There are 2 protein chains.
Amino acid sequence: MKAEILCVGTEILLGDIVNTNAAYLARELASIGIPVYHQSVVGDNPGRLAAALQTAFGRGDLVVMTGGLGPTYDDLTKETLAEYFGSPLREDAKSLESIQAFFQKIGREMTENNRKQALMPEGAVIFHNYNGTAPGLALEKEGKTAILLPGPPREMELMYETGVRPYLERRSGQVLVSHTVHIFGMGESAVEQLLRPTISKMENPTVAPYAKTGEVQLRVTARAADKAAAEAMTQPAVEQIRQALGNVVYGVDIGSLQQAAVQALAARGLTAATAESCTGGLVSKRLTEVPGASAVFGFGACTYANEMKEKVLGVSPETLERCGAVSPETAAQMARGAARIAGADIGISTTGIAGPGGGTPEKPVGLVYVGVWSRRHEEVLRLDLGRGQMREREQIRYLAASHALHALWRTALLYPERTDG
Amino acid sequence: MKAEILCVGTEILLGDIVNTNAAYLARELASIGIPVYHQSVVGDNPGRLAAALQTAFGRGDLVVMTGGLGPTYDDLTKETLAEYFGSPLREDAKSLESIQAFFQKIGREMTENNRKQALMPEGAVIFHNYNGTAPGLALEKEGKTAILLPGPPREMELMYETGVRPYLERRSGQVLVSHTVHIFGMGESAVEQLLRPTISKMENPTVAPYAKTGEVQLRVTARAADKAAAEAMTQPAVEQIRQALGNVVYGVDIGSLQQAAVQALAARGLTAATAESCTGGLVSKRLTEVPGASAVFGFGACTYANEMKEKVLGVSPETLERCGAVSPETAAQMARGAARIAGADIGISTTGIAGPGGGTPEKPVGLVYVGVWSRRHEEVLRLDLGRGQMREREQIRYLAASHALHALWRTALLYPERTDG
């Protein structure tokens, strides 16, 4: 099967919004073995949309479309597609019911033009929209398949997961199971080199790397006749990766470093506190992204000024005078101070030079110290995040926060898990 | 002129990276009056790339391409384009010099395959790359123009600004000047309604709205024969918008709420301190995104636990007991406490329910109080960020932080500007 992605929307075409849908769909389709050869964007213009459909079906046999399913008169994707396939639109009773139920749920009045969203081309497979009103659909004719999804990413992604992916799997007679291995502290090429002799050559399961800022993810995907068989095939590969890479693997299907840290703390009944200088609150912001973080995190200090490092965290004036704010000594005292104030098991600190100004030959932009304090383990990491990279302020801050979160996670692992459930 | 954007790169095609280049270019081209009718993505495959070029030039006369200018064998965009235009590649001495100079600057050895990046099609206009090695180019033939830019956004965007935009302006014989008016606290449709009778009907300058999370930006663009004339045309429109909208306009060409706040504080010799609960450090993180924020910001407390609100900020236990952590009383005491500890002129606080859990009928998810303390002005804002919106945790936190930053900016304006320069 050769697939194309066709996104419809004047807002994307004019650059008012970034087309994250195309990236999501391309990655999802690739993960179930459907290669994408083209992505295109056209505006809400029936003529150009019809021409784009023609072009796409001239090159491939599956076209996945997003956008233009709204209730207003300029949302015409469904109408254009129905005409292209020669399938008249009929009101679908079940879809209408869902739309009415959605409005009831959010406590708003349904307007008459939302009725248009319940019109469906004859013969379509309909996908329910759990996060909005417009249903999606799949339409097949003479070996050509079109899939039509709503434009808002929250609606589109959930519909893909709950409706489209199972539909594509049913058609292929195979089920796919994926797991993502999360890696911090090793670059993509080093990861690939370590895995090359074994895992990366596999064909089922496949292992696909994705590089993120400071992180690498490996997606392990197996295909089989049923879910249990596919699941069983992924496990040895995940285990092999863990063994080959060691503790740079911070989790499987875990979401983020902050989630790994919060989970590790919670499983051990531990609490953490933060003391931030160059990251300015980013470490505590990321920790508190995790719902329920309050069980393990109660206090963070953003001590941007030296005076506050002294007054709030108890960093000694002599240390600040002799070693400077950006020093391993200050980082250590900040971490200890935060833990002391909060009565936390682990204290984590950051102090460094995020740039663009403030660098010197001895302490260049990108120099960051991460301090860790706990009863079991103390350490200060020296990071050189600027060298040869021309990184910008926000990248340096983000990476520094990632290192701090990773250090927090590592430190939590030194403690035993709770057995009281 | 009818334009298309054609992005080349297997990483975009497979969804490993999101195509922000297309959005940037679409918006920039629209702002200088060049409409974009299609965006496409193809992989690093010369056959499909040549076909895509053919398709694009069959529909329009300007194709702006990104990607595939790297030094490796699979980067073939330039080669494919040169062949399409029948222009042989020649080594360009000046480009080679720039590439060598770039490597010297970042202190790395230039490898032999980087020489390939200095090959240029005969007759091309060459654009210098200030952030990388691959030069860009424009090639014209028989009324068709191709512009080729590197894929990394940092390189592409700076090259567009410094090279491509002036090139397109030279060709059109007109210069464009744009200013962006930043608005917080009024929705896009309300803004449009207020401006409809006058400004939004203008043709030169034009006024284009862009909606961001919780913000609206209006881009005012004038075209004229020279820069001074275009500049003079934008000013009355910007002034009219300011007058029509009042103090929801927080700045012109200002970048962000946090930048407006930092500038307003600095201009008045004021300092601020933050006390955050539900935003978890996001307010201090955003303030410290601004280089030089240390002049106006020295301390932020992330007091996630009630105990820390008492111990660190001095919120009274009775208040917490009687009114709860999410209350106007607690917000007010948090703001005052942060200012007191830091000796700051203004204290800003947030306390609320970011969700997904923790909501009650009296205090639903999305309820946030923002506290402001200063000698001149105290206030507590009550925000209802969840109602009828199905907003997610991070959206609620981001909007709460935006309101806090806006309140900080507004409060700073109550003080006179410094006159000592």
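A. Region of the structure containing the overall build of chain A. Broken down by element type, chain A carries 14 helices and 17 strands. Across its three principal directions, the C-alpha atoms of chain A cover 80 × 50 × 50 Å. A sequence separation of at least 24 residues applies to 65% of the contacts in chain A between residues at least 6 apart.

B. Looking closely at the sheet that holds strand β15 (residues 346-352) of chain A. Judged by pairing direction, the sheet is mixed, and its ten strands sit side by side in the order β17(A)-β16(A)-β15(A)-β13(A)-β14(A)-β14(B)-β13(B)-β15(B)-β16(B)-β17(B) without closing on themselves. Every interior strand has two partners, whereas the edge strands, β17 (378-384) of chain A together with β17 (378-384) of chain B, have only one. Direction aside, the axes of adjacent strands within the sheet are offset by 10 degrees on average. Of the pairings in the sheet, the one linking strand β13 (residues 272-276) of chain A to strand β14 (residues 297-303) of chain A comprises five bridges and is parallel in character. Counterpart to A:Ala272 in the pairing with β14(A) is A:Phe297. Strand contacts of helix α13 (residues 328-342) of chain A: β13, β14, β15, β16 (367-374) and β17 of chain A, with the helix running at about 145 degrees to β15(A), the strand carrying the most contacts.

C. Just the domain arrangement of chain A, in detail. All names here are of chain A. Domain assignment breaks chain A into domain 1 (3-172), domain 2 (175-252) and domain 3 (257-412). Computed over C-alpha atoms only, the centres of domain 1 and domain 2 are separated by 31 Å. Listed by partner, the interface residues are four residues for domain 1 and six residues for domain 2. By residue class, the composition of the side of domain 1 that touches domain 2 is one nonpolar, two polar and one charged.

D. Molecular detail of the interface of chain B and chain A. The interface is formed by 57 residues belonging to chain B together with 57 residues belonging to chain A. Of all the secondary structure elements, the ones that give two or more residues to the side of chain B that touches chain A are α2 (20-31), β2 (36-42), α3 (46-59), α10 (282-287), β14 (297-303), α11 (306-311), α13 (328-342) and α14 (393-412) of chain B. Per-element accounting of the side of chain B that touches chain A gives the leading share, eight residues, to α2(B). Split into classes, the residues belonging to the side of chain B that touches chain A amount to 30 nonpolar, 18 polar and nine charged. With five bridges connecting them, β14(A) and β14(B) associate as antiparallel partners. Its bridge partner being in β14(B), A:Phe299 is matched across the sheet by B:Thr303.

E. Up close: the nonpolar core. In this structure, A:Ala261, A:Ala338, B:Ala261 and B:Ala338 are the most contacted members of the largest nonpolar core, which totals 144 residues. Of all hydrophobic cores here, the second largest spans 88 residues; its members include A:Leu13, A:Ala124, A:Ala146 and B:Leu139.

F. Structural detail: the pairing of β16(A). Residue and element names in this part refer to chain A. Most of β16 sits inside the fold, with eight of its eight residues counted as buried. Of the two faces of β16, the one holding Leu367, Tyr369, Gly371 and Trp373 and the one holding Val368, Val370, Val372 and Ser374 are both buried throughout. In this sheet, β16 lies alongside β15 in antiparallel orientation, the contact comprising seven bridges. For Gly352, the partnering residue across the bridge sits in β16 and is Val368. Pairing geometry for β16 and β17, over seven bridges, is antiparallel. Opposite Tyr369, over in β17, you have Arg382 as the bridge partner. As consecutive antiparallel partners, β16 and β17 are separated by three residues.

G. Region of the structure containing helix α4 (residues 77-85) of chain B. All of the buried residues along α4(B) are B:Thr77, B:Lys78, B:Thr80, B:Leu81 and B:Ala82. Once α4(B) ends, the next one or two residues include B:Gly86, with phi positive near 65 degrees.

H. Molecular detail of the packing of α3(B) against α4(B). Residue and element names in this part refer to chain B. Viewed as axis vectors pointing N to C, α3 and α4 meet at an angle of 50 degrees, and their least axial separation amounts to 10 Å. Classified by the angle between their axes, α3 and α4 sit oblique to one another. In this structure, the crossing between α3 and α4 has a hand that is right-handed. The residues of α4 that touch α3, namely those facing Pro46, Leu49, Ala50 and Leu53, are Thr77, Thr80 and Tyr84. Split by residue class, the contact of α3 with α4 holds five nonpolar, two polar and no charged.

I. Quick peek at the packing of helix α2 (residues 20-31) of chain A against helix α6 (residues 153-172) of chain A. Residue and element names in this part refer to chain A. Running from N to C, α2 and α6 cross one another at 20 degrees; their axes reach a closest spacing of 10 Å. Considering their axes alone, α2 and α6 lie roughly parallel with respect to each other. Note on packing geometry: the crossing formed by α2 with α6 is right-handed. Counted together, Thr20, Asn21, Tyr24 and Glu28 of α2 and Pro153, Met156, Glu157, Tyr160 and Arg165 of α6 form the full contact between these two elements.

J. Inspection of the sheet that holds strand β1 (residues 3-8) of chain A at higher detail. The strand order across the open sheet built from twelve strands is β6(A)-β7(A)-β8(A)-β3(A)-β1(A)-β2(A)-β2(B)-β1(B)-β3(B)-β8(B)-β7(B)-β6(B), with neighbouring strands paired in mixed fashion. Single-partner strands in this sheet number two, and they are β6 (125-127) of chain A together with β6 (125-127) of chain B. Strand-to-strand twist in this sheet, taken as the mean axis angle between neighbours without regard to direction, amounts to 15 degrees. With five bridges connecting them, β1(A) and strand β3 (residues 62-66) of chain A associate as parallel partners. Pairing of A:Ala3 across the sheet is with A:Leu62, part of β3(A).

K. A look at the relation of the copies chain B and chain A. Mapping chain B onto chain A is achieved by rotating through 180 degrees and translating by 0.0 Å along the same axis, at an RMSD of 0.1 Å. Seen this way, the second copy is the image of the first under a two-fold rotation axis. Both copies contact each other with a shared surface, as 100% of the interface residues of chain B are interface residues in chain A too.

L. A look at α2(A). Its twelve residues place the ends of α2(A) 17 Å apart at the C-alpha level, agreeing with the 16 Å of an ideal helix rising 1.5 Å per residue. Residues A:Asn21, A:Ala22, A:Ala23, A:Leu25, A:Ala26, A:Glu28, A:Leu29 and A:Ala30 constitute the buried set of α2(A). Buried residues along α2(A) sit against β1, β2 (36-42), β3 and α6 of chain A together with α1 (10-13) of chain B.

M. Spatial organisation of the environment of A:Lys285. Inspection of the secondary structure puts A:Lys285 in helix α10 (residues 282-287). Residue A:Lys285 is classed as buried on the basis of its 29 C-beta neighbours within 10 Å. The spacing of A:Lys285 and A:Gln258 is 27 residues in sequence and 9.6 Å in space, taken between C-alpha atoms. Apart from residues lying up to four places away in sequence, A:Lys285 is in contact with B:Gly280, B:Gly281, B:Leu282 and B:Lys285.

N. Focus on unusual backbone geometry. Cis geometry marks the peptide bond from A:Gly355 to A:Pro356, where omega comes out at 0 degrees. Within the fold, A:Pro356 resides in the loop between β15 and β16. With an omega of 5 degrees, the peptide bond running from B:Asn204 to B:Pro205 counts as cis. The backbone phi angle of B:Glu142 is positive, close to 50 degrees, even though this residue is not glycine. Within the secondary structure layout, B:Glu142 lies in the loop between β7 (136-141) and β8 (144-149). Classification of B:Glu142 as exposed rests on a count of 7 C-beta atoms within 10 Å.

Here is what the cut-offs are and how they apply
- Think of each chain on its own: its residues are numbered from 1, step by step along the sequence as written.
- As they are written, the chains are lettered A onward and the ligands numbered 1 onward, keeping that order.
- Predicted model: local features are reported for residues with pLDDT of at least 70 only, side-chain atom pairs are reported and counted for 80 or more only, and whole-chain, interface and lining totals are derived from all residues.
- By the criteria applied, helices consist of DSSP H or I runs no shorter than four residues and strands consist of E runs no shorter than two, each listed in order from the N terminus.
- Note that contacts rest on C-beta atoms placed from the backbone: two residues are in contact if these are within 7 Å.
- At least two DSSP bridges between two strands are needed for those strands to be called paired.
- Axes, fitted as lines to C-alpha atoms, cover a helix only where it is in contact. Angles between the N-to-C directions of the axes lie from 0 to 180 degrees.
- The domain boundaries here were taken from an automatic or database domain assignment.
- Under the grouping applied here, Gly and all other residues not named as nonpolar or charged are polar, the nonpolar ones being Ala, Val, Leu, Ile, Met, Phe, Trp, Tyr, Cys and Pro and the charged ones Asp, Glu, Lys and Arg.
- For this entry, the nonpolar core is defined as buried Ala, Val, Leu, Ile, Met, Phe, Trp, Tyr and Cys residues connected by C-beta atoms within 7 Å.
- Between the buried cut of 20 or more and the exposed cut of 12 or fewer other C-beta atoms within 10 Å of a residue's own C-beta lies the partly exposed class, and all C-beta atoms are placed from the backbone.
- When an angle is under 35 degrees it counts as roughly parallel; over 145 it counts as roughly antiparallel; between 65 and 115 it counts as roughly perpendicular; any other value is oblique.
- Here is the rule for handedness: rotate from the far helix to the near one, and if that takes an anticlockwise turn smaller than a right angle the crossing is left-handed, while a clockwise turn gives right-handed.
- Residues below a pLDDT of 70 in either copy are left out; the C-alpha atoms of the rest, at least 70 in both, set the least-squares superposition of the copies.
- Expected span, for any helix, means 1.5 Å times one less than how many residues it has.

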